[in-house]
Amino acid sequence: MKMLLPSALISYTGCSEIEVRGDTLADVFSLLDQRFSGLRFRVIDEQNQFRCHIRCFVNAQQTVDLTHKLKQEDEILLMQALSGG
Amino acid sequence: MVTVTMLCVATRKGAWLVRSDTKRKVWTVEGPHFLGHIIHHMVLDPRDQQTILATAKTGHLGPTLFRSTDFGKHWQEATQPPAFFKAAEGEIGRTVDHSFWLTPGHASEPGVWYVGTSPHGLFRSEDGGLTWAPVNGLNDDPQYRLWMGGPQDGTPDGPKLHSVIVDPRDPAHLYVGMSSGGIHESHDRGVNWSSLIDGIEVMDGLDASHAEFHDPHCVRQCPGNPDRLYLQSHFGIYRLDRPKNSWTRVGKNMPTDVGDIGFPMVVHPHNPDIAWVFPMDGTNVWPRTSPGGKPAVYITKDGGGNWQRQDRGLPAEQAWWTVMRQAMTVDSHDTAGLYFGTTSGQLWASPDEGNSWHTIAEHMPQIYAVEASVLA
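Attention here is on the structure that accompanies the text. (Residues numbered from 1 in each chain as written. Chains lettered and ligands numbered in written order. Predicted model: local features only at pLDDT ≥ 70, side-chain atom pairs only at ≥ 80, totals over all residues. Heavy atoms only, no water.)

### So, the nonpolar core
All names here are of chain B. Leu 122 and Leu 138 are the most contacted members of the largest nonpolar core, which totals 33 residues. Looking at this core, the elements with two or more residues in it are strand 8 (98–104), helix 2 (142–148), strand 12 (160–166), strand 13 (174–179), strand 16 (216–222), strand 20 (262–267) and strand 21 (275–279). Ignoring anything within four residues of it in the chain, the contact list for Leu 138 reads Leu 122, Tyr 144, Met 148, Leu 161, Val 176, Gly 190 and Trp 193. Formed by 32 residues, the second largest nonpolar core is a distinct cluster that contains Val 9, Ala 336, Leu 347 and Trp 357. (Core = buried A, V, L, I, M, F, W, Y, C linked by side-chain atoms within 4.5 Å. Buried < 20%, exposed > 50% of the residue type's maximum accessible area, 1.4 Å probe, protein only. Helix = DSSP H or I, 4+ residues; strand = E, 2+ residues; numbered from the N terminus. Contact = heavy atoms within 4.5 Å.)

### Section: the pairing of strand 28 (residues 367–375) of chain B
Residue and element names in this part refer to chain B. Taking burial as the measure, the 9 residues of strand 28 include 9 buried ones, the bulk of the element. Alignment of strand 1 (residues 4–11) against strand 28, held across 8 bridges, turns out to be antiparallel. Residue pairing across strands places Val 4 opposite Leu 375, the latter belonging to strand 28. (Pairing = 2+ DSSP bridges.)

### Observations regarding the interface of chain A and chain B
With 19 residues of chain A at the interface, the matching set in chain B holds 25 residues. Between chain A and chain B, a total of about 1,600 Å² is buried, with carbon and sulfur atoms accounting for 50% of that surface. Its largest share of buried area at the contact with chain B, chain A owes to Arg42(A), Glu46(A) and Gln47(A), together 44% of the area lost on that side. On inspection of chain A and its partner chain B, the count reaches 0 salt bridges. Where chain A packs against chain B, one counts 9 residue pairs in polar contact (both at pLDDT 80 or more). Broken down by element, the residue count for the side of chain A that touches chain B peaks at 3 residues, all from helix 3 (residues 39–43) of chain A. When grouped by side-chain class, the residues that make up the side of chain A that touches chain B number 7 nonpolar, 8 polar and 4 charged. (Buried area = accessible area lost by both parts, 1.4 Å probe. Salt bridge = Lys/Arg side-chain N within 4 Å of Asp/Glu carboxyl O. Polar contact = N/O pair within 3.5 Å; in protein donor to acceptor, adjacent residues only side chain to side chain. Nonpolar A, V, L, I, M, F, W, Y, C, P; charged D, E, K, R; others polar.)

### Brief notes about the sheet that holds strand 18 (residues 236–241) of chain B
Spatially, 16-17-18-19 (chain B) is the arrangement adopted by the 4 strands of the open sheet, whose pairing is antiparallel. Edge positions in the sheet fall to strand 16 and strand 19 (248–249) of chain B, since each of these pairs with one other strand and no more.

### Re the pattern of salt bridges
By the definition in use, this model includes 17 salt bridges over all chains. Among the salt bridges present, the one from Lys71(A) reaches Asp74(A), with a minimum N-O distance of 3.9 Å. When its relative accessible area of 5% is taken as the criterion, Asp74(A) is described as buried. With a closest N to O distance of 2.9 Å, Arg24(B) and Asp331(B) form a salt bridge. Here the residue Arg24(B) occupies a position in the loop between strand 2 (14–20) and strand 3 (27–33), and Asp331(B) occupies one in the loop between strand 24 (328–330) and strand 25 (338–341), the gap between them amounting to 307 residues. For the pair formed by Arg24(B) and Asp331(B), the shared burial category is buried. Residues joined in a network through salt bridges with shared partners are Arg228(B), Arg239(B), Asp241(B) and Asp273(B).

### Considering the environment of Gln49(B)
Residues and elements named next belong to chain B. Looking at where Gln 49 falls in the secondary structure, it is placed in the loop between strand 4 (42–44) and strand 5 (52–56). With 167 residues separating them along the chain, Gln 49 and Pro 216 place their C-alpha atoms 30 Å apart. Once you skip the residues sitting within four places of it in the chain, Gln 49 turns out to touch Leu 44, Phe 71, Val 374, Leu 375 and Ala 376. Here the side chain of Gln 49 touches Val 374 through a polar contact of 2.9 Å, landing on its backbone oxygen.

### What about the sheet that holds strand 13 of chain B?
Residue and element names in this part refer to chain B. Strand order in this open sheet of 4 strands is 12-13-14-15, and the pairing throughout is antiparallel. Two strands close off the open sheet at either side, each with one partner strand: strand 12 and strand 15 (194–195). Bridge count for strand 13 against strand 14 (residues 182–186) is 5 bridges, and the pairing is antiparallel. Residue pairing in the sheet places Gly 177 in a bridge with Ile 183 of strand 14.

### Digging into the side chain of Gln221(B)
All names here are of chain B. Residue position: Gln 221 is located in strand 16. A distance of 2.9 Å separates a polar side-chain atom of Gln 221 from the backbone oxygen of Pro 226. The residues touching Gln 221, leaving out its near neighbours within four places in the chain, are Ile 165, Val 166, Asp 167, Pro 168, Arg 169, Tyr 175, Pro 226, Arg 228, Leu 229 and Val 267.

### Comments concerning the pairing of strand 3 of chain B
Residues and elements named next belong to chain B. Sheet topology note: the strand 2/strand 3 ladder contains 5 bridges and is antiparallel. Among the inter-strand pairings, Leu 17 is bridged to a residue of strand 3, identified as Glu 30. Counting the residues that bridge the hairpin from strand 2 to strand 3 gives 6 residues, and of these Arg 24 lies at a positive phi of roughly 60°.

### Considering the packing of aromatic side chains
All names here are of chain B. Counted according to the given criterion, the structure contains 11 aromatic pairs over all chains. Pairing Phe 34 with Phe 66 gives two aromatic rings, centres 4.7 Å apart and planes at 25°, and the pair type is stacked. Taken together, the positions of Phe 34 in the loop between strand 3 and strand 4 and Phe 66 in strand 6 (residues 64–68) put the pair 32 residues apart, joining distant regions of the chain. Taking relative accessible area as the criterion, Phe 34 reaches 15% and is therefore assigned buried. (Phe/Tyr/Trp six-rings, centres within 6.5 Å; stacked < 30°, edge-to-face > 60°.)

So, in structure tokens, the structure goes:
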């Protein structure tokens with residue numbers, strides 16, 4: 001399935017759009033971390049929560065549930081908040 | 001021996017390496033590294049003089065650490081950055097917001113590093129900074145959890161565990177400071193801890209025997225006499241000579257119109273009677289700027305009995321920056337060089353132990369930390 005990433009993570013992936021797999025969001029991030037070591041902890045903390053300035057959408061619907069089940073045709077969008085200075 | 005001095009400069013927007021010529025007159029600025037990352041601390045390993053560790057996060061991404069073994073040409077990210085344990089179901093867990101204070105381990109333990117975090121946590125690496133494990137004796141002690149408090153008990157940038165000190169005579173003997181939460185020591189590599197707060201004043205009306213009321217800003221151990229410690233606290237400047245357990249407020253000897261409030265504490269590399277502070281305005285709403293807009297370093301040459309102002313070369317007026325707790329340091333030359341970075345992005349140097357000052361870099365981001373190393 002397609003996953004869109006914020007620019008802050010391109011240093012890990014090399015591009016903003018990648019193909020991922022997994023039955024749940026947790027699977028996706030676990031496999032992502034195997035491909036791009038360190039990426040998962042930058043967006044998900046040690047309590048398995050998305051970090052406060054990170055938002056995750058599946059098919060344009062926001063979710064904070066890492067057990068969210070996925071289908072092959074789903075599209076994941078990971079965003080960083082429009083904030084900072 | 002021909003030597004150069006290198007400064008590791010950590011800022012709110014990245015990190016720089018600043019190298020001197022052999023006379024500490026000409027400086028070369030190299031960077032930025034990690035542009036856009038918040039780098040709270042960057043330290044060269046004194047044991048091999050080539051490994052550098054840097055803490056990093058961004059405004060949006062979580063905390064991590066990077067390691068270079070070739071003076072910053074290449075960086076490797078930690079595979080297991082500092083992180084608290086996952087909380088049991090139904091309990092509220094802690095998360096590391098940022099790694100704040102890096103300390104290389106004992107000379108006899110190559111590869112060992114400690115890092116203090118925000119919120120309060122102490123973590124240890126045994127593989128040169130690639131993987132980190134919690135020091136549970138501190139992080140999970142019920143009494144310490146109480147003293148550590150919550151986010152509202154820390155600095156405006158969060159509670160910070162800092163001043164991680166490894167006794168050069170004993171790798172098992174550690175000190176840490178907690179803002180807020182007091183000063184504590186361990187004699188068994190962090191399994192058990194005891195408080196070291198006797199003699200330190202706290203806010204009027206509070207009980208000074210309670211560690212949670214203490215806010216040490218910076219603790220330093222003297223290389224020239226490891227039994228001597230200096231402390232810049234929220235409530236003054238102190239000295240402790242072990243095996244005593246009671247601090248003496250030597251800041252009372254500072255000029256009354258300047259006071260003894262500040263953040264950095266710097267000790268001489270060889271002479272334990274010499275130390276420096278950088279006072280700030282701690283009156284009323286705590287502006288945390290140089291008192292009167294006239295920045296100055298103060299030196300003691302007699303263990304805190306007397307203090308002299310050192311401001312030659314510094315702005316005489318209308319300079320409202322200050323220096324954060326990790327942003328002032330000293331090198332190890334016989335005539336020590338002193339360095340500080342300001343909240344307005346200037347890097348200042350003194351080749352003569354604070355007698356005169358000049359800038360060696362300007363227009364940097366807000367400087368969080370400066371560390372000096374002398375390279376053979």
